[in-house]
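Fold and geometry: a report
The residues making up each chain are set out below.
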Amino acid sequence: MRVRLRLRPDCFPVRTADGATWLVAMSARDELTPTVAGRLTAGQDSVTQRRDAYARGEADDDLVLGTADGDRLGPPVAHQLGELTPENRRALLALCEKPGLAVDDGEGADALVADLLAGGWLETRVADARPAYLMRPVAPPPARPAPVPEDPVLSRFAVVRRCGQALVVESPLAWCEIHLSDPALLSVVSGAGAPPGDEVAHRLLSDLAAAGLVVQRAAQEPADRWAPHELWFHARTRSNPMRCEPFGPAQALSEPLPARHVPFAGPAEPLHRPSASPLGTVLERRRSLRRHDDDTPVTTEQLGEFLFRCARNRWLVEKDGVEHISRPYPSASSGYELEIYPVVRLVGGLEPGLYHYDAQEHQLRRGVAGIDAPTRRLLRLAATMAGMPRQPQVLLVMTARFARLMRNYDAISYALIAKHVGVVQQVMYLVATELGLAPCALGTGDSAAFSAATGLDALREASVGEFILGSRPSAVGSP
Ligand SMILES: Cc1cc2nc3c(=O)[nH]c(=O)nc-3n(C[C@H](O)[C@H](O)[C@H](O)COP(=O)(O)O)c2cc1C
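Regarding the nonpolar core
Judged by nonpolar contacts, the single largest core of 62 residues is most densely connected at Phe306, Leu338, Leu395, Leu396, Phe402 and Met428. Residue contributions to this core peak at nine residues, all from helix α11 (residues 413-434). Setting aside anything within four residues of it in sequence, one finds Phe402 in contact with Trp226, His234, Tyr414, Ile417, Ala458, Leu459, Arg460, Glu461, Ala462 and Val464. Among the nonpolar cores identified, the runner-up in size contains 24 residues, and Ala174, Ala201, Leu204 and Leu205 belong to it.

Topic: the sheet that holds strand β18 (residues 338-344)
Read across the open sheet, the six strands follow the order β20-β19-β18-β21-β23-β22; overall the sheet is antiparallel. Edge positions in the open sheet fall to β20 (363-369) and β22 (437-442), since each of these has one partner strand only. Pairwise comparison of adjacent strand axes, ignoring direction, gives a mean angle of 30° for this sheet. Relative to the sheet, helix α12 (residues 447-454) contacts β18, β19 (353-358), β20, β21 (394-401) and β23 (461-471), its axis offset from that of β19 by approximately 85°.

Considerations on a negative patch on the surface
On the surface, a cluster of negative charge is contributed by Glu87, Asp104, Asp105, Glu107 and Asp110. If you trace the backbone, Asp110 turns up in helix α3 (residues 110-118).

With respect to the site of the ligand
The ligand sits among Arg286, Arg287, Ser288, Arg290, Met385, Ala386, Gln425, Tyr429, Cys440, Ala441, Leu442 and Gly443. Residue Ser288 places a side-chain N or O atom 2.6 Å away from an oxygen atom belonging to the ligand. Within the backbone of Met385, an N or O atom sits 3.0 Å from a nitrogen atom of the ligand. Considered on its own, the ligand offers 620 Å² of accessible surface; in the complex 54% of this is hidden by protein. Of all the elements in the fold, those that place two or more residues in the shell around the ligand are α11 and β22. For the shell around the ligand, the element with the most residues is β22, which contributes three residues. Across the shell around the ligand, the residue classes tally to six nonpolar, three polar and three charged.

Side note on the packing of helix α6 (residues 228-237) against α11
Orientation of α6 relative to α11, taken along the N-to-C sense of each, is 35°, at an axis distance of 8 Å. Of the residues in α11, those touching α6 at Glu230, Phe233 and His234 are Ser413, Tyr414 and Ala415. Of the residues in the contact of α6 with α11, the class split is three nonpolar, two polar and one charged.

Things to note about the environment of Gly465
Topologically, Gly465 is positioned in strand β23. The class of Gly465 is buried, set by a relative accessible area of 3%. Aside from chain neighbours lying at most four places away, what touches Gly465 is Arg238, Leu396, Val397, Met398 and Val421.

A word on α3
Along α3, the residues classified as buried are Leu112, Val113 and Leu116. For α3, the buried positions fall inside an angular range of 95° around the axis, keeping them on one side. Those residues of α3 that are exposed and angled more than 90 degrees off the buried face are Asp110 and Ala111. Packed against the buried residues of α3 are β1 (2-7), β3 (21-25), β7 (77-82), α2 (86-96), β8 (101-102) and β9 (122-127). Downstream of α3 by one or two residues, Gly120 has phi in the positive range, about 80°.

Observations concerning the confidence of the model for the chain
Residue-level pLDDT values for the chain average 87, and 86% of them are 70 or greater. Between residues 28-49, whose pLDDT stays under 50, and residues either more than four places distant or in other chains, the model counts 47 contacts.

Some remarks on the pairing of β1
Here β1 pairs with β9 via six bridges, running antiparallel. Each bridged residue has a counterpart across the sheet, and for Arg6 the counterpart in β9 is Glu123. Sheet analysis places β1 next to β8, joined by two bridges and oriented antiparallel. Looking at β8, one finds that Arg4 is bridged to Ala102.

Focus: the side chain of Asp207
With respect to the helices and strands, Asp207 occurs in helix α5 (residues 199-211). According to the relative accessible area criterion, Asp207 is buried, its value standing at 9%. Not counting residues up to four positions away in its chain, the partners in contact with Asp207 are Tyr133, Met135 and Ile178.

Focus on the sheet that holds β3
Spatially, the three strands line up as an open sheet ordered β2-β3-β7, and their pairing is antiparallel. Edge positions in the open sheet fall to β2 (11-15) and β7, since each of these has one partner strand only. In this sheet, neighbouring strand axes are inclined to one another by 25° on average, regardless of whether the strands run parallel or antiparallel. The strands touched by α3 are β3 and β7; relative to β7, the strand with the most contacts, the crossing angle is about 165°.

Re the packing of aromatic side chains
Considering all chains together, one arrives at seven aromatic pairs under this definition. Between Phe233 and Tyr414 the ring centres are 5.7 Å apart and the planes differ by 75°, which places this aromatic pair in the edge-to-face class. Highlighted residues: Phe233 in helix α6 and Tyr414 in helix α11, separated in sequence by 181 residues. Since its relative accessible area comes to 45%, Phe233 is described here as partly exposed. Among the aromatic residues, those joined into a cluster by ring pairs are Trp226, Phe233, Phe402 and Tyr414. We note Arg8 situated over the ring of Trp121; from NZ or CZ to the ring centre the distance is 5.8 Å.

Calculation notes
- Residues numbered from 1 in each chain as written.
- Predicted model: local features only at pLDDT ≥ 70, side-chain atom pairs only at ≥ 80, totals over all residues.
- Heavy atoms only, no water.
- Core = buried A, V, L, I, M, F, W, Y, C linked by side-chain atoms within 4.5 Å.
- Buried < 20%, exposed > 50% of the residue type's maximum accessible area, 1.4 Å probe, protein only.
- Helix = DSSP H or I, 4+ residues; strand = E, 2+ residues; numbered from the N terminus.
- Contact = heavy atoms within 4.5 Å.
- Pairing = 2+ DSSP bridges.
- Axes fitted to C-alpha atoms, helices over the stretch in contact; angles between N-to-C directions.
- Patch = residues over 30% accessible without salt bridge, like charges linked within 9 Å, V, L, I, M, F, W, Y side chains within 5 Å.
- Areas by Shrake-Rupley, 256 points an atom, 1.4 Å probe, with all protein chains shown as cover.
- Salt bridge = Lys/Arg side-chain N within 4 Å of Asp/Glu carboxyl O.
- Lys, Arg positive; Asp, Glu negative; His and termini not counted.
- Charge placed at Lys NZ, Arg CZ, Asp CG, Glu CD.
- Near = heavy atom within 4 Å.
- Polar contact = N/O pair within 3.5 Å; in protein donor to acceptor, adjacent residues only side chain to side chain.
- Nonpolar A, V, L, I, M, F, W, Y, C, P; charged D, E, K, R; others polar.
- Arc of directions from axis to C-beta.
- pLDDT = per-residue confidence, 0-100.
- Phe/Tyr/Trp six-rings, centres within 6.5 Å; stacked < 30°, edge-to-face > 60°.
- Lys NZ or Arg CZ within 6 Å of the ring centre and 35° of its normal.

If you want it as structure tokens, here you go:
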């Protein structure tokens, strides 16, 4: 059996002008096509095939990638390796190239390799006479991976699918995917165990268990309340910086669909057109605004009025041991599972940080003081998603307390949560418009960064929606 380590295919090393080396993970759809090791040996600062690309280390372990024409890329997931020793440089080059670094070939670079494994930057490739399987991280591995259970069975959240020539075993609960090159290994995955003396099969079983893809038969899994398709949908539609899946214009669907539906053949019935009304005026004025006026930031008073109009509890009553509430927006079976966490960069009269909105008492309670690494990641992703030159004054992160809905709706709960986020976003747009603020909904956010910032158990309460808010520049140009 041979075991080799390789850098994940979506990662590449970058050297900044100060001589530091970073590892960067980015989607292949991002405009900068990564080049690999050559750049490192040559000691060039350029990181990609685009000549005008630059990489700049910033405070607090942030790396900025950009191009001369002002495009900022990312935010990439970056890991600083600092100045490399010759041994580390050799090991890093071997990790970038085929066939990779044999586990005992990295002499003098043990600490570097251990650091990269702990960060989820390396694939492990296992081969016998032929390639057998590889483990590809999608998150850093836990400090103590699970041992092989006595009676192993495939997790009910795991799926096996084909990807190219390989069969991929993956789960939204697993920190890595396992790609099988040898289909005979499927018997290990399906729970038949590993035949005595088969070294590769035994190692695979232990890797499947370590990944959380194989668990003890009949044991409770931490996500048992979830329907598998809902956990999959949640995990794959939130931004996972380690997964680097592209979202954005799909090349395959290049033919645009006409905006207007093909008219039906029946006779037309012209409809009444209303005259102006207060609600109609707000609806007509509503638009997404992606610039904030930092000279006159949004005030605590405005934020208070905004949250009061959008999301406070209008009343709370207890009936048969269940608390029922009402808010200004509708919610399936009055589930009201959504919570709001304002991430404040700049609000007049409020310290920067992450707050929880207590909808019952209509007050904010601070969860994180100041902007730490996870909260900065939330703000940076929001700015990138909205193409904003600066981070938003306020990012409103919406979470769901899943059990509030799962009690009543079981396997359609997540679909309802997504609808509720849309309902709240429209209310937020209208209230912000009425208040003369700059609103914009966002399509996704980084649930892992939110969990890291708050320490909340992501299977019970996780971020499911985002909205940005700020003061409206007096001369609103391009939105
Ligand atoms: C669910 C949803 C997700 C959105 N995601 C983003 C986003 O990620 N970035 C962004 O800049 N705008 C986003 N928007 C705003 C839309 O781009 C915007 O509503 C659309 O272009 C129409 O423009 P208008 O809102 O000014 O009328 C989103 C809007 C909705 C409703």
